[in-house]
Amino acid sequence: MIQIVKKLSKYIKEYKKETILTPIFVVLEVIMEVIIPLLMAKIIDVGIQNGDVGYILEMGVLLIIAAILSLTFGMLSGRFAAKASAGFAKNLRQGMFYKIQNYSFENIDKFSTSSLVTRLTTDVTNVQMAYQMLIRIFIRGPIMLIFSLIMAFGINAGLSCVFLVAIPILGFALWFIAIKAHPNFEKVFKKYDKLNRVVQENLNAIRVVKSYAKEDYEKEKFKEVNDEVYNNFKKAEKIVAFNSPVMQFTIYTCVLLISFLGAQAIVGGTMQTGELSSIITYAWQILMSLMMLSFVFVMVIISESSAERIIEVLEEKPTIQNKENPVTEVKNGDISFQNVTFRYGDAEENVHALENINLEIHSGETIGIIGGTGSSKSTLVQLIPRLYDVTQGKILVGGVDVRDYDLQTLRDAVAMVLQKNVLFSGTIAENLRWGDKEAEQEELEKVCKLAQADSFIQEFPSKYDTVLDQGGTNVSGGQKQRICIARALLKKPKILILDDSTSAVDTKTDAFIRKAFRESIPNTTKIIIAQRISSIEDADKIIVMDEGKIHGIGTSEELLKTDEIYREVYETQMKGGNDNEETK
Amino acid sequence: MKKQNKTGRTIFRLLKYVVTTYKLQFAIVCISIIISSLVGVAGIEFLKYLIDDIITPMISQEVPDYSMLITSVIVMGIIYVIGIIGTYVYNRLMINISQGILNKIRSQMFEHMQSLPIGFFDSRTHGEIMSTYTNDVDALRQALSQSIPQVFSSAITMISILISMFATNLYLTLVVLAMVAIMVIVSRFLGGNSSKFFVKQQENISKVNGYIEEMMEGQKVVKVFCYEEESKKKFDKINEELCDSTAKANIYANILMPCIMNIGNLGYVLVAVIGGILSVNGILTIGSIAAFLQFIKAFTNPIGQVSQQMNSIIMALAGAERIFDLMDEKPEEDDGYVTLVNAKIEEGKVVESKERTGIWAWKHPHQDGRITYTRLRGQVQFENVNFGYEPKKTVLHDITLEAKEGQKVSFVGATGAGKTTITNLINRFYDIQSGKIRYDRINIQKIKKDDLRRSLGMVLQDTNLFTGTIKDNIRYSKLDATDEEVYAAAKLSNADKFIRNLPEGYDTQITGNGEGLSQGQRQLLSIARAALYNPPVLILDEATSSIDTRTEKIVQEGMDKLMKGRTVFVIAHRLSTIRNSDLIMVLDHGRIIERGNHEELMAKQGTYYGLYTGAIEID
């Protein structure tokens, strides 16, 4: 618990002022709240009893002043509490989001997207509520408690000792409840993740669901996790339900004990009746403040699990990180794979995605990669900008191990157009500027001309300011691919990787793009993964991949002689003369 | 004003959940709360009794008789125990009620969501919808389980005190009521502002949710472009907005309590002064003023407690509003009455059958009570169909076409030409504005949606996989399929080989939409799914776009086998796959500009010719 507070309190940051001011004003408010009943008692005991209107007015003015002060302090503490807790939540979300940006895919897979989303929203809200309660009510409760205790002791110290026995027992009982409830709340949040996942998958696949008329099945599936959440939540809250009764039990016992002992004391002549009624009034006040505390307590129990989940995100070590004193310059576009073996994080020991890859690529070369579905072509190139780290062996870019580079430096030098192209909501120009934030309009047009995208962009009514929907659904697949290529070119990379990224572009345009590459960026190393032979036929080197291994390397002519896979693909695509190939 | 009404309706709807489903439990909760509060009040009475009737007489006794004291303490102890039991019972039952309602609301929300048209899902990000299930429902939980009982018990206390006040003095009670009126006005003002910002907060949190979603999905692109810093900046902006609305909402909610409490204090002074004047003039007794002032104190205390719960209640209402908004979305219209049944042929006539016969028929009840059966053949007709996603923006113009049983019809054209839209009309993802679509000569509006979709197979552009095993994923289209059927479907679509090469074969677990599989492999699974579904009509949307040439060849064979004897609509991505189509439709801006088979269209030397020779880009 203390650990959690320690770790999270770092994120209070600029809201320290508000965090400290809140309890201060709460204390002032409580002081006013203690003074006001005393004034009220005076009005009754002195003013009304004696029928002294002047005295009533006098005390009334004092009371109004106290009330105004109490109001001011209350408003200020409420205001600061709101600001502090909202700000704290903001910093937590920011901290988590920043951290996630540094995650490797392995890290992300470990949590899953839906879980990360819950952690950033629901969990943070829980902690925020608890935090606000803590700085407002958690202070108010004990202060009320202390004031009441002091008053009670002032009246009769002997009787008040009953409280001193009862409160620690109560504390222990509450602690016990918390300990019991905590693991159950942890389970609840895990189920929440699952529920979130089911909804997310359903949303993503809504077309599949509807076209196979599987709504009822989905409902069943949802119902199952929904019930799990329900059952676990109930189990956890059932334990917490003992809170109020336990508290009432303690305080009622105190009241009865005090009544009994007090009655004896009065009879014995050591106490006044008025004192007894006062002491019991304070007992009720103690009960009220304890109730308040218990309310906060429940919040804290629930948010403790949330807090732990937040800390997990914050403390996760990115598996891909900068080395100390990283290299900050990529000399050239040379690439070298040395005995590279790679296995995905969750795969079993002997299941390698890539096995023993050795490869030398020189700056400025054009490399074609071809191979069947699942032959790990994409995996191979994703190791170059260190989207994943090799399991064994090493990869050198510009003669330096990729793990020795500053990540940003490396990734700036390696531009990659992914198979699964993603454009983001925003204009075309904004999307292009992902490649270079400061790029001028001319530069945008220049790279778009290279990628054969300028002509169609110019045809849109708003040209480069055309707004793309999320995922870029309002441009054609071929157009999307060309925008993505332009975006990559804008980085002026030393290495350019196209992962099956001209598949929807017609052959003629495809050829233009390759020609533009040859002429305009001759020193950039170009790696092209493709399904159609025509896209890679004229490459300096062609790599044929098969089941995670290199099956053959060479020029098209060499491979036709030596590599049967290449020959087979070549023949299928070229068969029937030109026309079949062109439509591919 | 409108806003007020909406909030009122939201509260009413929530209460309806409580009252309808948990009538008995809720009644017990109410009784328990009343018991629990009354026991609290009894405690105060006990003290008076103890002092006046027990202790005072004892003092005057020579030998104090403790038996009365002991008896009364024991009796009070029993009353307290009853009170404690009451407290436990309502706390415990409230858990049943609140969790039960949440469970029900989530279920209803999801069920309702399943009935919504595709257009709904197009119009908002997934993250935003997900936020309703978590953030909004969670806000509701807080209020249901903790705040509502508190408010209820406070209300009971207040009512009983108000009654006592009336009994003591009418005029002073009017002063108190005036004070209450001011409290109500103030809390309406503050509460209204607070709720405005809580609604905004829930909106902003769903925005944050949506943004995280989008960024996580595009994480690879973010990394490849070192875009982390930029995405952080954008996040900061929406995070700031969220923080701002949260702070404002809570400020208004937080200052509510001090305001109310101190209005109470002012009322106290007012009553004291007025009472004092009255007593000096002899209108009121001193005792009753003192009692009245005690009442005011007791009256404002629960108000303070209620307003302390205010932020969670207002926030819950904001969440509930969003939940109900989702539940009020208009579902897909389905007034079809023609259903799909198993059939057999007897004496040349189609007759309904209880067993699975492999033959399907449309069961068509007519107005005059007759029932006719039409054998399911898979014939699709479009007649002057016009369609637009928004009523004013027509994207398909005057589409007329006919696909005979077993024919292969292909659509070619640029993105936005309307290929996918046409196929989305056949299965009624969207409804047409004018014209007619007939399936086996039956207007598809008359066919029950589920049955219509049961007769259509679809292989979509993006393959969506669910968490579970490979086998589960193929079986998705036909849940009662045997393992053998699954294997056969996988073999047919050529997915069998790669599946068997996976470490656990068909039992390999898929996580995160199958990120470990290549796009080609995922598409193979999608094809296998359709093969298992075994529908008479098949819609293939760019199904072979990212399978490598070698695999594609084999897939194509499987596809051809699958397509045999079925009516097939192909949304063409590669022209090689549609060359053998019976009918090719070339679309441009929502109109059919060329139609015919491959040879006819090549001879025309028009758009299709241009596409085919690679002069025009296709997608």
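Residues numbered from 1 in each chain as written. Chains lettered and ligands numbered in written order. Predicted model: local features only at pLDDT ≥ 70, side-chain atom pairs only at ≥ 80, totals over all residues.

1. Quick word on the overall build of chain B
Next up, step 1: In terms of regular secondary structure, chain B is built from 19 helices and 16 strands.
Next up, step 2: The C-alpha atoms of chain B give 36 Å as radius of gyration, which overshoots the globular expectation for 619 residues (25 Å, by more than 25%).
Next up, step 3: Principal axes of the C-alpha set define a box for chain B whose edges measure 125 × 60 × 55 Å.
Next up, step 4: When each of the 619 residues of chain B is scored for burial, the buried share is 47%.
Next up, step 5: Counting only contacts in chain B whose residues sit at least 6 apart along the sequence, the fraction spanning at least 24 positions is 75%. (Helix = DSSP H or I, 4+ residues; strand = E, 2+ residues; numbered from the N terminus. Rg over C-alpha atoms; globule rule 2.2 N^0.38 Å. Buried ≥ 20, exposed ≤ 12 C-beta atoms within 10 Å, placed from the backbone. Contact = placed C-beta atoms within 7 Å.)

2. What about the interface of chain B and chain A?
Next up, step 1: Taken together, the contact pairs 139 residues of chain B with 135 residues of chain A.
Next up, step 2: When residues in the side of chain B that touches chain A are grouped by element, the largest group, 29 residues, is from helix α8 (residues 228–280) of chain B.
Next up, step 3: Partitioned by chemical class, the residues of the side of chain B that touches chain A number 66 nonpolar, 51 polar and 22 charged. (Nonpolar A, V, L, I, M, F, W, Y, C, P; charged D, E, K, R; others polar.)

3. Considering the sheet that holds strand β1 (residues 335–342) of chain A
Residues and elements named next belong to chain A.
Next up, step 1: Strand order in the open sheet formed by four strands is β2-β1-β4-β5, and the pairing between neighbours is antiparallel. Every other strand in the sheet has two partners, leaving β2 (354–361) and β5 (400–401) as the edge strands with one partner each.
Next up, step 2: Bridge analysis of β1 against β2 gives five bridges, and the strand direction is antiparallel. Paired with Phe337 across the two strands is Leu359, which belongs to β2. (Pairing = 2+ DSSP bridges.)

4. Structural notes on the nonpolar core
Next up, step 1: Core analysis: the largest hydrophobic core is formed by 269 residues, its most contacted members being A:Ile251, A:Ala283, A:Val296, A:Met299, B:Leu256, B:Ile474 and B:Ala528.
Next up, step 2: What A:Ala283 contacts, discounting residues up to four positions off in sequence, is A:Ile251, A:Cys254, A:Val255 and A:Ile258.
Next up, step 3: Within the second largest apolar cluster, 74 residues are counted, among which are A:Leu354, A:Val414, A:Phe424 and A:Leu444. (Core = buried A, V, L, I, M, F, W, Y, C linked by C-beta atoms within 7 Å.)

5. Quick look at the environment of A:Ala263
Next up, step 1: Note that A:Ala263 resides in helix α9 (residues 243–268).
Next up, step 2: Classification of A:Ala263 as buried rests on a count of 26 C-beta atoms within 10 Å.
Next up, step 3: Sequence spacing of A:Ala263 and A:Val400 is 137 residues, and the spatial spacing of their C-alpha atoms is 89 Å.
Next up, step 4: Dropping the residues within four chain positions of it, A:Ala263 is found in contact with B:Leu50, B:Ile54, B:Ile55 and B:Leu69.

6. Points about the domain arrangement of chain B
Next up, step 1: Domain parsing of chain B yields domain 1 (2–328), domain 2 (339–375) and domain 3 (380–612).
Next up, step 2: For domain 1 of chain B versus domain 3 of chain B, the separation of C-alpha centres amounts to 55 Å. (Domains from an automatic or database assignment.)

7. Remarks on the sheet that holds strand β13 (residues 537–541) of chain B
Consider a sheet: its strands pair through backbone hydrogen bonds, and that pairing is either parallel or antiparallel.
Residue and element names in this part refer to chain B.
Next up, step 1: In space, the six strands of this open sheet follow the order β10-β13-β14-β7-β15-β16, with mixed pairing throughout. Since the sheet does not close on itself, it has two edges, and those belong to β10 (456–459) and β16 (591–596), each with one partner. This sheet shows a mean twist of 15° between the axes of neighbouring strands, independent of strand direction.
Next up, step 2: Of the pairings in the sheet, the one linking β13 to strand β14 (residues 567–571) comprises five bridges and is parallel in character. Of the residues in β14, the one forming a bridge with Leu540 is Val570. (Axes fitted to C-alpha atoms, helices over the stretch in contact; angles between N-to-C directions.)

8. So, the domain arrangement of chain A
Next up, step 1: Split into domains, chain A comes out as domain 1 (2–315) and domain 2 (335–418 + 494–583).
Next up, step 2: Measuring from the centre of the C-alpha atoms in domain 1 of chain A to the corresponding centre in domain 2 of chain A gives 59 Å.

9. Brief notes about helix α5 (residues 126–168) of chain B
Next up, step 1: Here α5(B) spans 60 Å end to end across 43 residues, near enough to the 63 Å set by a 1.5 Å rise per residue.
Next up, step 2: At B:Ser147, α5(B) shows its maximal bend, which comes to roughly 40°, and the proline B:Pro149 appears one to four places after that position. (Expected span 1.5 Å × (residues − 1). Bend = angle between axes of the 7 residues up to and from the residue.)

10. Here we look at the pairing of strand β1 (residues 339–346) of chain B
Residues and elements named next belong to chain B.
Next up, step 1: The pairing of β1 with strand β3 (residues 360–365) spans four bridges and is classified as antiparallel. In the strand pairing of β3, Val341 is matched with Ala361.
Next up, step 2: In terms of strand pairing, β1 meets strand β2 (residues 349–352) through four bridges, oriented antiparallel. Considered in β2, the bridge of Glu346 is made with Lys349.
Next up, step 3: Between the end of β1 and the start of β2, which pair antiparallel, lie two residues, with Glu347 showing a positive phi angle near 50°.

11. Description of the environment of B:Lys564
Residues and elements named next belong to chain B.
Next up, step 1: By the element assignment, Lys564 lies in the loop between α17 (549–563) and β14.
Next up, step 2: For Lys564, a count of 9 C-beta atoms within 10 Å translates into the label exposed.
Next up, step 3: A C-alpha to C-alpha distance of 27 Å links Lys564 and His364, two positions 200 residues apart in sequence.

12. Remarks on unusual backbone geometry
Next up, step 1: For A:Arg386, which is not glycine, the phi dihedral falls at a positive 60°.
Next up, step 2: Tracing the chain through its elements places A:Arg386 in the loop between α11 (377–382) and β4 (392–397).
Next up, step 3: In this structure, B:Asn494 takes a positive phi of about 65° despite not being glycine.
Next up, step 4: Along the chain, the position of B:Asn494 falls in the loop between α14 (483–492) and α15 (496–501).

13. Describing the confidence of the model for chain B
Close reading of the predicted structure is inappropriate where its pLDDT is low.
Next up, step 1: Looking at chain B as a whole, its pLDDT mean stands at 81, while 92% of the residues score no less than 70.
Next up, step 2: Here the predicted complex scores 0.76 on pTM and 0.79 on ipTM. (pLDDT = per-residue confidence, 0-100.)

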